[in-house]
Amino acid sequence: MPSVSRIVLLLHGPNLNLLGDREPEVYGTDTLADHVARARASAAEFSLDIEDLQSNAEHELVEAVQAARGRCAAIIVNPGAFTHYSWALHDALAAFDGPVVELHLSNPDAREPWRRTSVVAPVATGSIVGFGGDGYELAVRAVAATLG
Ligand code: DQA
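Residues numbered from 1 in each chain as written. Predicted model: local features only at pLDDT ≥ 70, side-chain atom pairs only at ≥ 80, totals over all residues. Heavy atoms only, no water.

Draft legend 1. Spatial organisation of the site of the ligand. For the ligand, the full set of nearby residues is Arg 22, Tyr 27, Asn 78, Gly 80, Ala 81, His 84, His 104, Leu 105, Ser 106 and Arg 115. Leu 105 places a polar main-chain atom, nitrogen or oxygen, 2.8 Å from an oxygen atom of the ligand. With the chains in place, 99% of the 320 Å² that the ligand exposes on its own is no longer accessible. The residue inventory of the shell around the ligand, partitioned by class, reads three nonpolar, five polar and two charged. (Near = heavy atom within 4 Å. Polar contact = N/O pair within 3.5 Å; in protein donor to acceptor, adjacent residues only side chain to side chain. Areas by Shrake-Rupley, 256 points an atom, 1.4 Å probe, with all protein chains shown as cover. Nonpolar A, V, L, I, M, F, W, Y, C, P; charged D, E, K, R; others polar.)

Now the structure itself:
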């Protein structure tokens, strides 16, 4: 069992369970399991342990963030479309003490206007967007560097 300070919660929001199949021209052909495996392999290099959850339900993501308080060292979150309007997720993340990395496969700022608002960005330590699956390694690196 890793010590509390080495657990990183990797959260995925709605429709990301369809990765690999869903709009591959935007999101690529890797599945969610592929991305999680990549994050886990990167995390191991830094002696970090990934716990992951994907949910299409806002309350399950909020509850996961709440349960991470005092237990997980950091959160990496791709909130999917909740990025753009979930103030509940915003508030939950604001109440989390450790680093929060907002992660997107695509670059929402380069897409439709409604994707240009992130209500998660203001409560994130930083955001990694537009690098596809490479973003997982970058996000883990960012967490490791922030935790020291
Ligand atoms: C996404 C971008 C969001 O705008 C979209 O709703 C998603 C995926 C991404 O990873 O690029 O579901 O978060």
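Draft legend 2. View of the nonpolar core. Counting residues in each nonpolar core, the largest one holds 22 residues, and the members touching the most others are Val 8, Leu 10, Leu 48, Ile 50, Ile 76, Val 140 and Val 143. When contributions to this core are tallied by element, the ones reaching two or more residues are β1 (7-12), α2 (32-45), β3 (74-78), β4 (100-104) and α5 (134-147). Counting residues in each nonpolar core, the second largest holds 20 residues, with Leu 61, Val 62, Ala 64 and Val 100 among its members. (Core = buried A, V, L, I, M, F, W, Y, C linked by side-chain atoms within 4.5 Å. Buried < 20%, exposed > 50% of the residue type's maximum accessible area, 1.4 Å probe, protein only. Helix = DSSP H or I, 4+ residues; strand = E, 2+ residues; numbered from the N terminus.)

Draft legend 3. Region of the structure containing the pattern of salt bridges. For the structure shown, the criterion picks out seven salt bridges. Note that Glu 112 is salt-bridged to Arg 111, the shortest N-O span being 3.8 Å. Owing to a relative accessible area of 32%, Glu 112 belongs among the partly exposed residues under this scheme. Between Arg 115 and Glu 112 there is a salt bridge; the shortest N-O distance is 2.7 Å. When salt bridges that share partners are traced, they join Arg 38, Asp 134 and Glu 137 into one network. (Salt bridge = Lys/Arg side-chain N within 4 Å of Asp/Glu carboxyl O.)

Draft legend 4. Representation of the packing of aromatic side chains in the model. Counted under the stated rule, the structure contains one aromatic pair. Residues Phe 82 and Tyr 85 carry aromatic rings whose centres are separated by 5.8 Å and whose planes lie at 75° to one another, so their mutual orientation is edge-to-face. (Phe/Tyr/Trp six-rings, centres within 6.5 Å; stacked < 30°, edge-to-face > 60°.)

Draft legend 5. How the structure looks around the sheet that holds β4. In space, the five strands of this open sheet follow the order β2-β1-β3-β4-β5, with parallel pairing throughout. Each edge of the sheet is formed by a strand with only one pairing partner; in this case those strands are β2 (49-54) and β5 (126-129). Neighbour-to-neighbour, the strand axes of the sheet open up by a mean angle of 20°, direction not taken into account. Two elements, β3 and β4, share three bridges in a ladder whose sense is parallel. Within β4, the residue paired with Val 77 across the bridge is Glu 102. The strands touched by α2 within the sheet are β1 and β2, with β2 carrying the most contacts at an inclination of about 160°. Where helix α3 (residues 58-68) meets the sheet, its contacts fall on β1, β2 and β3, and the angle it forms with β1 comes to roughly 170°. (Pairing = 2+ DSSP bridges. Axes fitted to C-alpha atoms, helices over the stretch in contact; angles between N-to-C directions. Contact = heavy atoms within 4.5 Å.)

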